[in-house]
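Here's the letter readout for the chains.
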Amino acid sequence: MADEGADAARPGELDPGAPRKRRRGPTRAPGDPRNIGWLYVLPGLAFYVLFTLAPLLHTVYYSLFDWDGLTPKTWVGLANYSEALRDSVLRDSFVHSAILIVYYAVFPVIIGLGLTAALTRSAIRGFRFFRTVLFLPQLIAGVVIAQAWTWIYASEGPLNRFLELIGLGSLARPWLGDFTWALPSIGAIGSWVTFGLCMVLFIAGVQKIPTSLYDAARVDGAGPVREFFAVTLPGLRAEILVAFVLTTINALRSFDIVYNTTAGGPGGSTIVPSMYMYQNAFLYNRVGYAAAISTVLAIAIFLLAALVLRIGDRGEHQ
Amino acid sequence: MNRRLLGVVVLAAFTLLAAVTAGAYAGRQATTTTLTMWSYDNQDPGLEPVLKQLSKDFEKSHPGVKINLVFKDFNSLVGTVPRALASGSGPDVTEGNQGYQTDAQLVKAKLILPLTKYVKKYGWDKLYAPSTWGMFRWTPDGKSFGKGPVWGIAQTGQNVVAFYNKKKLRQAGFNPNKMPGTFAGFDKLLGQLRAKLPDGEPVIMEGNKEGYGFIHLFGGIWGASVKPTAVRNWIYHVPGSRYDTPGTIKALAKLQQWGKAGYFNDDFNALGYDASATEFAKGNGVFWIGGDWDSTIIKTGLGAANVGVMPIPPGPSGQWASIGGLSGPWHISAKTKYPDLGAEWLNYVITSSRAKALMYGQQQIPSDRRAKAPKGDAYLAQVGKAFQLVANDDGLLLYTDWASPSMYTTLQNQFQLLLAGRTTPAGMAKAVQDDWAKFDKTLR
């Protein structure tokens, strides 16, 4: 499909018979971008417009209607957005997302850094094995993860059995059915899934740090902790930023784990924006309002990602 | 001469045979018809094997017809069927769900056909009591429920009843053959059982993970303090209907009190509905209050002789009531090429004696009120009797979540909050009524 687009564009862009173009050619300084560059980006751009930009704009368009997805739409302007601002369930869902960011982004980055420090400081036997095993959760489908953890968290499941075994039976509870613990339980699944990604990013980053810096630190008498804070951490700035952006987006978008463990319950205590959007679109027949929620969510993700990158940039210039 | 004649006859016969065979073959090629049916009755044991067998029978009696049965779980069917039907490549015949979330939508978007023609053709009007038909009636704009043409037809009767473990009752010192006949007596029995059972053992095994466990269980308590017609009117959005009445609030308070007194297993929010039936069938809990469609699970675990079945007994009015109605409504797609064939299949799987025999074989109660249970199955007779007690007393409360597209989620959340002591009975009643009123505005 993209190739067709490229072919279609060729006559206009690159007409060997057009004398004007040939005359203008030499006036361009060498190294100046040529228009032909557009031809190279065209396939990718076409895909991007068709499958990302167009649906995005379409969603924004739908958000201005009262629409059940089937019968004719009614224009309501910004009414869906003003309802979203007043909707306490939506507000709760964003609060839950903010809590999930701690589990999906902050904890995995910290755990990832710790593991990186441990795995890279000295040659460890079976380094590749550990790296692979720790990265594995990233590769498993969300539904499978959710099923596995639902079983782990069950009343008679391994977690409660383990607590009873070590004499902490009083802490045992139906984790996913508990108002206080359901959200942290889902968060813990998120941490487990994402820390491997952070770790792999950081390990790759550490390999870029010149060994001379470590040598210098050691000559100066730095211990492992000092070395980590003085050399490894600053050297990983870019990777940490990328990890934060990716995991934060993951946290805000999380749907599969929530849908397959608690579906937002108990009593709405684990509802997240994407789950609420799904309910509105597919259960309540309110496609317009769901589109408004997803637009708000997209803006929130965009702003948050921009904020994280900005904080990172500012650090770099200091 | 004779030989020549014989030759001609043989030749003619062959030609004819060839022509007939070719004709028949071509004919079959042309009429191979595939009908796709979507169902969420995927319980096995349950309706799934019944539908599979009946479809095989139907294919046999209708050469050239192929029935493509697709089973999905309830939520994924209800979540996708409107768009599948609208696409034109969806099912020819499908289950929907009574109420504003699904059926109203299908009617309003003209995705399904009114069944008026087939009701007349097959005499379906005799299947159910006139008031029962309300759950299949909609005005064509999808706004008024309980009025207008019939758009669906259902296969089985459903009722939420109390199953009890006779052995456990005896062990606790109660006679399982003398169960209380009033709600007050039933409530008292639960309290006495709580006092006698060990601490970890629930009086009532409950599974509310999907959120409908308490919606169902509450029906019996509710029916003891409100009029069934008031509940049905509220579901049908009859103007002036309310949820936040003193009767409902009193019933909600009773449920909350059962929770506080520790009648239920403490992991009810993490345990699935059918999983809780399985737990009960393993011997956990004295009661399981849930759908009679799960009766086979319970029978298999506890043994038919050890299980009693009864609706939660009535309040002061004496009228038996419980959450129940008919199973999911079957609809014919407005875009199908074979509506008549679809109706014929429906008629076969719902009204034929073969269908009824197979349903009874799976402990399912056929929706046809003229159906007679096979003799000699005492367990099935109990389940059937529990349904008839309520149905004949005009006490089927239908399903509360039919009342608005978001009612299912609202009730699910509110019951969980109520049982956790995070809302009051009056607070819950108000939240539910608010949901109803917000949707009611869109109907006026």
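Visitor: Would you mind going over the overall build of chain A with me for this structure?
Guide: A count of helices and strands for chain A gives 15 helices and two strands. Relative to its full complement of 318 residues, chain A shows a buried share of 32%.

Visitor: Just checking my understanding: could you explain the overall build of chain B for this structure?
Guide: Helix and strand content of chain B: 17 helices and twelve strands. Its C-alpha atoms put chain B at 105 × 55 × 35 Å along the principal axes. The long-range share in chain B, meaning contacts at least 24 apart out of those at least 6 apart in sequence, stands at 76%.

Visitor: Got a minute to help me understand the nonpolar core in this structure?
Guide: One recurring pattern in soluble globular proteins: nonpolar side chains tend to sit buried together. Residues B:F163, B:F287 and B:I298 are the most contacted members of the largest nonpolar core, which totals 177 residues. For this core, the leading source of residues is helix α9 (residues 182-206) of chain A, giving 13 residues.

Visitor: Sorry, what's going on with the pairing of strand β2 (residues 65-71) of chain B here?
Guide: The two faces of the sheet receive side chains in turn, since in a regular strand these alternate between them. All names here are of chain B. Where strand β1 (residues 33-39) lies against β2, seven bridges are found, and the strand directions are parallel. The partner of T33 across the bridge, within β2, is V65. For the crossover that starts at β1, traverses helix α2 (residues 47-61) and ends in the parallel β2, the hand is right-handed.

Visitor: Would you take a moment to explain the pairing of strand β6 (residues 156-165) of chain B for this structure?
Guide: Residue and element names in this part refer to chain B. Within β6, ten of the ten residues are buried, leaving the element largely enclosed by the surrounding structure. Going residue by residue along β6, you find T156, Q158, V160, A162 and Y164 tucked away on one face and G157, N159, V161, F163 and N165 tucked away on the opposite face as well. Pairing geometry for β6 and strand β12 (residues 365-366), over two bridges, is antiparallel. Its bridge partner lying in β12, T156 is registered against P366. Examined bridge by bridge, β6 and strand β10 (residues 324-326) share three bridges and lie antiparallel to one another.

Visitor: I keep staring at the interface of chain B and chain A and nothing clicks. Help me out?
Guide: Accessible area lost upon the coming together of the parts serves often as the stated size of an interface. Facing 22 residues of chain B, the contacting portion of chain A comprises 19 residues. Counting residues per element, the ones that place at least two in the side of chain B that touches chain A are α3 (74-87), α4 (103-108) and α16 (407-419) of chain B. The greatest single-element share of the side of chain B that touches chain A, amounting to five residues, is contributed by α16(B). A breakdown of the residues in the side of chain B that touches chain A according to their chemical character gives seven nonpolar, ten polar and five charged.

Visitor: Would you mind showing me how to read the packing of helix α10 (residues 211-219) of chain A against helix α11 (residues 224-235) of chain A here?
Guide: Each pair of packed helices can be described by the angle between their axes along with the distance between the axes. All names here are of chain A. Between α10 and α11, the least distance of the axes is 10 Å, while the angle of their chain directions is 150°. Handedness of the crossing formed by α10 with α11: right-handed. Across from L213, Y214 and A217 in α10, the residues of α11 making contact are E227, A230 and V231. The residue inventory of the contact of α10 with α11, partitioned by class, reads five nonpolar, no polar and one charged.

Visitor: Is there a simple way to think about unusual backbone geometry in this case?
Guide: In the Ramachandran plot, A:A263 falls in the positive-phi region, its phi being about 55° despite a non-glycine side chain. Its place among the elements puts A:A263 in the loop between α13 (256-261) and α14 (273-283). For B:D394, which is not glycine, the phi dihedral falls at a positive 55°. Here B:D394 shows up in the loop between α15 (378-392) and α16.

Visitor: What should I look at first to understand the sheet that holds strand β11 (residues 330-332) of chain B in this one?
Guide: Sheet strands pair via backbone hydrogen bonds, and the direction of the pair is either parallel or antiparallel. Residues and elements named next belong to chain B. As summarised here, the arrangement of the four strands in space is β2-β1-β3-β11, forming an open sheet in which the pairing is mixed. In the strand order of this sheet, the two ends are held by β2 and β11, each with one partner. Averaged over all adjacent pairs, the angle separating strand axes in this sheet is 20°, with direction ignored.

Visitor: Would you take a moment to explain the packing of helix α5 (residues 88-121) of chain A against helix α12 (residues 237-253) of chain A for this structure?
Guide: Residue and element names in this part refer to chain A. It is the contact of α5 with α12, at a shortest axis distance of 8 Å, that shows an interaxial angle of 150°. Remark: the crossing between α5 and α12 carries right-handed chirality. Note on element contacts: α12 touches α5 through I240, A243, F244, T247, T248, N250, A251 and L252, opposite S97, L100, I101, Y104, A105, P108, V109 and G112. Taken together, the residues of the contact of α5 with α12 break down into eleven nonpolar, five polar and no charged.

Visitor: Could you clarify how one ought to interpret α3(B) in this entry?
Guide: Because an α-helix completes one turn every 3.6 residues, residues spaced three or four positions apart along the sequence face the same direction. Residues and elements named next belong to chain B. End to end, α3 covers 20 Å across 14 residues, agreeing with the expected 20 Å (1.5 Å per residue, within 8%). Considering bend angle alone, the principal kink of α3 is centred on V81 and spans about 40°; proline P82 follows within four residues of it. Next to the buried residues of α3 lie β1, β3 (93-95) and α4. Positioned one or two residues after α3, G88 has a phi angle of 90°, which is positive.

Visitor: How should I be thinking about the domain arrangement of chain B in this particular structure?
Guide: All names here are of chain B. When the domains of chain B are assigned, the result is domain 1 (32-157 + 326-380) and domain 2 (158-325 + 386-443). The gap between the C-alpha centroids of domain 1 and domain 2 is 27 Å. Contacts between the two partners involve 23 residues from domain 1, matched on the other side by 25 residues from domain 2. For the side of domain 1 that touches domain 2, the secondary structure elements donating two or more residues are β5 (145-150), β6 and α15. Tallied by class, residues from the side of domain 1 that touches domain 2 come to eight nonpolar, 14 polar and one charged.

Visitor: What exactly am I supposed to notice about helix α7 (residues 183-196) of chain B here?
Guide: All names here are of chain B. With 14 residues, α7 should reach 20 Å at 1.5 Å per residue; the first-to-last C-alpha distance of 20 Å fits that figure. If you check which residues of α7 are buried, you get F183, F186 and L193. Buried residues of α7, seen end-on, are gathered within an arc of 80° and therefore sit on one face of the element. Structural note: α7 exposes G185, K188 and A195 on the side pointing more than 90 degrees away from its buried face.

Rules used throughout
Per-chain numbering applies: the sequence of each chain, read as written, is numbered from 1 onward. Whichever chain is written first becomes A and whichever ligand is written first becomes 1, with later ones labelled in order. pLDDT decides what is reported in this predicted model: residues at 70 or higher carry local features, side-chain atom pairs at 80 or more are listed and counted, and totals for whole chains, interfaces and linings draw on all residues regardless. Strands are runs of DSSP state E lasting at least 2 residues, helices are runs of H or I lasting at least 4, and numbering of each runs from the N terminus. As a rule, residues whose C-beta atom has 12 or fewer other C-beta atoms within 10 Å are exposed, those with 20 or more are buried, and those in between are partly exposed; C-beta atoms are placed from the backbone. Note that contacts rest on C-beta atoms placed from the backbone: two residues are in contact if these are within 7 Å. A set of buried Ala, Val, Leu, Ile, Met, Phe, Trp, Tyr and Cys residues, joined through C-beta atoms within 7 Å, is what we mean by a nonpolar core. The pairing criterion for strands is at least two bridges between them, as found by DSSP. Place the viewer so that the strands point away; then a crossover is right-handed whenever the path from the first strand over the helix to the second strand goes clockwise. Just so you know the grouping, Ala, Val, Leu, Ile, Met, Phe, Trp, Tyr, Cys and Pro go in nonpolar, Asp, Glu, Lys and Arg go in charged, and all remaining residues, Gly too, go in polar. Helix axes are fitted to C-alpha atoms over the stretch in contact, other axes to C-alpha atoms as well, and angles between N-to-C directions run from 0 to 180 degrees. Take the far helix as your reference; a near helix turned counterclockwise from it by less than a right angle gives a left-handed crossing, and one turned clockwise gives a right-handed crossing. Every helix has an expected span of 1.5 Å times one less than the residues it contains. Think of it this way: the bend at a residue is just the angle between two axes, each fitted to seven residues, one set ending at that residue and the other starting at it. Domain start and stop points were drawn from an automatic or database domain assignment. By definition, the arc is the one covered by directions from the helix axis to the C-beta atoms.

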